[in-house]
Amino acid sequence: MLGLNRKDLTLMMIVAAMTLLAPIILNPFPSDSAMAQFNAGYPDLMQRFVIFGIFAIGFNILFGLTGYLSFGHAAFLGVGSYSAVWMFKLLSMNVIPAIVLAVIISGLFALVIGYISLRRSGIYFSILTLAFAQMSFNLAYSVLTPITNGETGLQLALDDPRVLDGGSSGGSLPVTQLFGLEMRATTQLEIGAWSFDFNVGYYLCAAIMLAVFYLAIRIFRSPFGIMLRAVKSNQQRMNYTGLNSRPYTLAAFVISGMYAGLAGGLMASMDPLAGAERMQWTASGEVVLMTILGGAGTLIGPVLGAGFIKYFENIFSKINDNVLHSWFAVMPDGIEDFLVTIVHPFVGKGWHLTLGLMFMAVVIFLPGGLVEGGQRIGRFVTGRRNKKAGGAEAEAARKQPAE
Amino acid sequence: MDAIILQFLNGLDKGSAYALIALGLTLIFGTLGVVNFAHGALFMIGAFCAVTVQRLLSLSYEVEVEGETDFLGNPMTTDIPYVQSWFGEAIGQGIIDWSVPLAILFAIPVMLIVGFVMERGLIQYFYKRPHADQILVTFGLAIVLQEIIKQIYGANPIPTPAPEAFRGSLDFGVWLGFDPNTIIYPYWRLVYFFFSAFIIAAVFAFLQFTTFGMVVRAGMADRETVGLLGINIDKRFTVMFGIAAAVAGLAGVMYTPINSPNYHMGMDFLVLSFVVVVVGGMGSLPGAVLAGFLLGILQSFASMNWIKDILPGIDQIIIYLVAIAILLTRPRGLLGRKGVMED
C-alpha cells in the first residue's frame, strides 16, 4: 500500500496513530492530580513536537543519509518564519500561502548556500554552513532591520495591508486561519477526571508532518536515497566510477532546507512572529542534538529525538523546589533537603545541564541514538534468536564496505 | 591616516584573542586530531578564574565602626577584606586592585588540570571515532561546562576591572606626530596585545627549542613512528592538551577587563575562532596566529564609518565572507599543510 513495504507501512501507521491520538496519549494523568505536570497534551507543546519533528526529519535527510553535518540549518527555519509572517502581513491570514512561500524561499536560500558550501566536505562544510548561518543571523539583526524588524522581531500590526482580507479587521490583531478555521481554536473533551485538548493548529501540523514523514520514507527507499547513502559510505569511490555526486548532495541539501523552511512557516502560522534568534547557531545545534539523540540515519529517530528534547525541556524546566519538596516529602526532613539540593541543579532553569549530560551520554555510549537503545533493549528482551534476524540488517547497514 | 592607525590598533586586541584561542584549537587538532568544540568553554572558564580570584581576594568580614550608628540606632558596620587585615590597608587594596593579573597564577594550574581531566576522562576515547562524533561530544561538553558556570555565577555579566594603573588611555597619536586625542588607545588593550604576543612566542619557543617540543612536533608529523621509537607520545599529547587549555584560559583571564565575562562568552568566541582556524589552515600554528590577527584587524577596519556607508552591515559579516572566500579558493587555508583533514 502507498508504495511502501510492510515494515515501513507498519511504522507509518504507528506514527500516524500516535500523532493523531497525541492529545490523548500525552495526557495520561488526570488534570487535577499531582502527576498532571507530566502531561504534555496541551496544544502549544504538541505543536512544537511536530514542528521540530519536521525540522529534524529534514535535517536527517541531509545528515543521516549523506553524512554532511550542517551547522547552519536554523537559518532556513528563520527564513521560513520571516517569509510566512510577511505573507500574513501583506496577503492574507490564511496559512496556505504563508507556508508555501516559506518553503519556496527557504528552498531558494538553501540552493544558493548549498551550491557554495557543498564544494567542500567534512569539517569545512560544517564551517561554511555555520558561516552562512551566522552571516544571516548578524544581517537579520543589523542591516536587514527593515525586513526583519531587528531585535524586536517581525510582528503583525493593525495597519498591515493584507490585500486578500481587505485591510484591518477592527481593533484587534487578526489570527491565523485556514479558510476560516482558526488555528488557535481548541475543543476540550472532558472524560471523568481527564481533559483532552484537540487543537486545530496541532492537527494541521500533524497532517503536514505525516505527509512529509511519508515523503521521507519514500526518499530513504528510493534510488536517490541509496545514492545519498553511497555518498556517505564512500564518496571517492563514487567519483571514480564516473558519477558526479554533487547534484545528489545538493538536492538533499535543498530538500532538507525546504523541510526547515516548512517548519519555520508552521511555527509562524501557529504564532505569527519571527525573530532573528531562531537563526542563531545554537538553534542549529539544537536540531543536530535532536537528530543524534534520536538516531541519525533512521526514519523514526529524528522525530523521537525532537519529541524527547522538547518534552523534557518543558517538563524539566517546570519543576521547581516546591515540586521537589512535595516529591520527597515521604523522606525524613534531612534526607528530603539533601535530595532536593542534589536534584535542584538539574531541573528548572538548569535543565540544559541535564540535556548536555544526556547528549554526551548518548554520543559516548549509544552512537545510534535512542533507536539503537530501543533495539538493544528489544534484543535483550526477545533473547538471542531474534538477534540474528533483526540484528543482521542493522549490522549490515553499519558496516562500511570493504576497502 | 590617523583613523587607519586607530583601527589597526583596535583590531590588535580582538585579533590577539582570536589568535590565542585559535592557537589552542590548532594545538589540539594538530597533536590529537580532535576537533574540540569545547574550546570556547575553556576560554570562558579562564575568564571565570579571574572572577573567582577577585571574589576570593575580596572576601571580607564585618567590623563595627566605633561611635557611629545608622539611622535606626544600630551600630554601623563596615566590610574589611581579609587581605587588608593581613597585609595592611595599602598592600591589601593593591592586591585586590591587581586581582586580574594575579588570576593568571591561579588560572595556569586550574586550566592545566581541567585540560588533563578533559583529555584523560573524555577526549581519549574519541581518537578513533569520526570527526562528527568528536564535534558532537565536545559540543555537549561545552553545554555542560557552560551550565555549570551559570549555576555557580549566575547569568549576568560580572564586571572585573583592570588594575587602576591601566584604566586610562594612551594618547598614541602624539608619539607619531598627530594632534593630541586623535589616536587614543586604552592601556589594557595594549597590555592584552603584548601579553598574547608573549604567550604565542612562549608556545612557539617551547615547541621549537625544547626536547619535549621536538618530540611533540615529531609526533604531529608522524605519530606512529614516534610511538614505535619507544616514546610515550600519548602522555606528551596529553600535556599539550593541558597547555592548549591553559592558553585558552589565559586568553580568557586577561580578556575580562575588556568584556565582562558571562557564561556564554565562550560560545560567541568559539564560532569565530573556528573560522580563524579554518582560514589559517587546519593544523598550522603560524596560520592560526596570522589569521587571528588578520581577521581581527579586518573586522575593525570594516567597522569604519565610511566603509559602512558604502557597504552597510559589512562589519557584521566580514569575517564570514573572508572565510567563505578563502575556503573556496584556497581549501587548505592560508598556511595549511597538505593532507590535513582532506578525507
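No experiment lies behind these values; they were computed from the predicted model shown.

What counts, and at which threshold
Sequence order sets the numbering: in each chain, residues are counted from 1 along the sequence as written. Throughout, the order in which chains and ligands are written sets their labels, letters from A for the former and numbers from 1 for the latter. The predicted origin of the model limits local features to residues at a pLDDT of at least 70 and limits the giving and counting of side-chain atom pairs to 80 or more, whereas totals for whole chains, interfaces and linings rest on all residues. As a rule here, side-chain values come from all non-hydrogen atoms in the structure, and water together with hydrogens is ignored. Where helices and strands are cited, they refer to DSSP runs of H or I of at least four residues and of E of at least two residues respectively, numbered from the N terminus. C-alpha atoms define the radius of gyration in this analysis, and the globule rule sets the expected value at 2.2 Å times the number of residues to the power 0.38. Residue exposure (1.4 Å probe, protein chains only): buried if accessible area is under 20% of the type maximum, exposed if over 50%, otherwise partly exposed. When checking whether two residues touch, look at their non-hydrogen atoms; a contact exists if any pair is within 4.5 Å. Working definition of accessibility: Shrake-Rupley area with a 1.4 Å probe, residue cover restricted to the visible protein chains. By the counting scheme adopted, Arg and Lys are positive, Glu and Asp are negative, and His together with the chain ends is not counted. For the purpose of locating charges, the reference atoms are NZ of Lys, CZ of Arg, CG of Asp and CD of Glu. Two parts placed together each lose some accessible area under a 1.4 Å probe, and the buried area is that loss summed for both. When a carboxyl oxygen of Asp or Glu is within 4 Å of a side-chain nitrogen of Lys or Arg, the pair counts as a salt bridge. The definition of a polar contact used here is a pair of N or O atoms within 3.5 Å, where within protein one atom must be able to donate a hydrogen and the other to accept one, and adjacent residues in sequence count solely through side-chain atom pairs. UniProt positions are given in the numbering used here, feature names are shortened, and annotations may be inferred rather than shown by experiment. Site definitions follow a grid-based scheme: protein atoms alone, a 1 Å grid, a 1.4 Å probe that fits but cannot get out for cavities, and for pockets an open set with protein on both sides within 12 Å along at least five of seven lines, plus lining residues having an atom within 4 Å of a point. Grid points are joined across faces, edges and corners, and a volume is the space filled by probe spheres set on the points. All residues other than Ala, Val, Leu, Ile, Met, Phe, Trp, Tyr, Cys, Pro, Asp, Glu, Lys and Arg, Gly among them, are scored as polar; the first ten of these are nonpolar and the last four charged. Helix span is expected to be 1.5 Å times the residue number reduced by one. What counts as an axis is a line fitted to C-alpha atoms, over the stretch in contact for a helix, and the angles between N-to-C directions run from 0 to 180 degrees. Comment on the angle field: the value is read as roughly parallel under 35 degrees, roughly antiparallel over 145, roughly perpendicular from 65 to 115, and oblique elsewhere. Think of a nonpolar core as a cluster: buried Ala, Val, Leu, Ile, Met, Phe, Trp, Tyr and Cys residues, connected wherever their side-chain atoms sit within 4.5 Å.

Digging into the overall build of chain B
Step number 1: Helices and strands together make up the secondary structure of chain B, namely 15 helices and four strands.
Step number 2: Against the globule reference of 20 Å for 343 residues, chain B gives a C-alpha radius of gyration of 23 Å, in line with a compact fold.
Step number 3: Along the longest, intermediate and shortest principal axes, the C-alpha atoms of chain B span 75 × 55 × 35 Å.
Step number 4: Expressed as a percentage of its 343 residues, the buried residues of chain B come to 51%.
Step number 5: The contacts in chain B between residues at least 6 apart in sequence include a share of 72% that link residues at least 24 apart.

Topic: the overall build of chain A
Step number 1: Looking only at helices and strands, chain A features 17 helices and six strands.
Step number 2: Relative to the 2.2 N^0.38 estimate, which gives 22 Å for 403 residues, the radius of gyration of chain A is 23 Å and therefore close to what a compact globule would have.
Step number 3: Relative to its 403 residues, chain A shows a buried fraction of 51%.
Step number 4: Contacts spanning at least 24 positions in sequence make up 72% of the contacts within chain A whose residues lie at least 6 apart.
Step number 5: Taken as a whole, chain A presents about 18200 Å² of accessible surface, with 66% of it coming from carbon and sulfur.
Step number 6: Averaging the positions of the 26 positive and the 22 negative side-chain charges in chain A gives two centres separated by 19 Å.

Observations concerning the interface of chain A and chain B
Step number 1: With 36 residues of chain A at the interface, the matching set in chain B holds 39 residues.
Step number 2: Among the residues of chain A in contact with chain B, I123(A), Y124(A) and W281(A) are the three that bury the most area, contributing 20% of the side total.
Step number 3: Inspection of the chain A/chain B interface yields zero salt bridges.
Step number 4: Counting across the chain A and chain B interface gives three residue pairs in polar contact (both at pLDDT 80 or more).
Step number 5: Listed by contribution, the elements that provide at least two residues to the side of chain A that touches chain B are α6 (122-141), α11 (281-294) and α15 (351-365) of chain A.
Step number 6: Of all the elements, α6(A) adds the most residues to the side of chain A that touches chain B, at 11 residues.

So, the environment of S284(B)
All names here are of chain B.
Step number 1: As for its placement among the helices and strands, S284 is situated in the loop between α12 (265-280) and α13 (285-302).
Step number 2: Residues S284 and F29, 255 residues apart in the sequence, show an inter-C-alpha distance of 9.3 Å.
Step number 3: The contact partners of S284, leaving out residues within four places of it in the chain, are T26, L335 and G336.

Overview of the UniProt feature "transmembrane region" (unreviewed entry) in chain B
All names here are of chain B.
Step number 1: Under the UniProt annotation, the feature "transmembrane region" (unreviewed entry) is placed at residues 16-35, 102-123, 190-216, 237-258, 270-298 and 310-328.
Step number 2: Counted over residues 102-123, helix gives 91% and strand 0%. Its end C-alpha atoms are 30 Å apart.
Step number 3: Taken end to end, residues 237-258 is 86% helix and 0% strand, and its first and last C-alpha atoms sit 32 Å apart.

Concerning empty space enclosed by the protein
Residue and element names in this part refer to chain B.
Step number 1: Per the stated rule, a full pass over the model turns up three cavities of 30 Å³ or more.
Step number 2: Considering only enclosed or pocket space, the largest cavity measures out at about 40 Å³ in volume.
Step number 3: Considering the residues around the largest cavity, the lining is formed by F37, G40, A41, M44, A142, Q146, Y263, G266, M267 and L270.
Step number 4: Secondary-structure elements contributing two or more residues to the lining of the largest cavity are α2 (39-57), α6 (131-153) and α12.
Step number 5: Class assignment of the residues belonging to the lining of the largest cavity gives a composition of seven nonpolar, three polar and no charged.

Focus: the side chain of S99(B)
Residues and elements named next belong to chain B.
Step number 1: Along the chain, S99 turns up in helix α5 (residues 99-121).
Step number 2: The class of S99 is buried, set by a relative accessible area of 2%.
Step number 3: Beyond its immediate sequence surroundings of up to four residues, S99 is in contact with V53, Q54 and L57.

Some words on helix α4 (residues 74-90) of chain A
Step number 1: Relative to the 24 Å expected for 17 residues at 1.5 Å per residue, α4(A) spans 24 Å between its end C-alpha atoms, a close match to the ideal helical length.
Step number 2: Within α4(A), 15 of the 17 residues are buried, which leaves the element mostly enclosed by the surrounding structure.

Observations concerning the packing of helix α3 (residues 43-66) of chain A against helix α9 (residues 223-240) of chain A
All names here are of chain A.
Step number 1: Where α3 meets α9, the axes come as close as 7 Å, and the angle between the chain directions of the two elements is 55 degrees. As judged from the angle between their axes, α3 and α9 are oblique. Side by side, α3 and α9 meet where I61, F63, G64, L65 and T66 of the first sit next to G225, L228, R229, V231 and K232 of the second.
Step number 2: Looking at the contact of α3 with α9 residue by residue, the class counts come to five nonpolar, three polar and two charged.

A few points about the layout of surface pockets
Empty space among the atoms can be located by rolling a probe the size of a water molecule over them.
Step number 1: Taken as a whole, the second largest pocket holds about 1000 Å³ of empty space.
Step number 2: In this structure, the second largest pocket is lined by 36 residues; those nearest its centre are T282(A), A283(A), E286(A), E313(A) and H352(A).
Step number 3: Counting residues per element, the ones that place at least two in the lining of the second largest pocket are α3, α4, α10 (246-270), α11, α12 (301-318) and α15 of chain A together with α6 and α12 of chain B.

Describing the nonpolar core
Step number 1: Residues I54(A), L266(A), W281(A) and F37(B) are the most contacted members of the largest nonpolar core, which totals 232 residues.
Step number 2: Setting aside residues no more than four positions away along its own chain, I54(A) makes contact with C205(A), I208(A), M209(A), V212(A), Y259(A), L262(A), A263(A) and L266(A).

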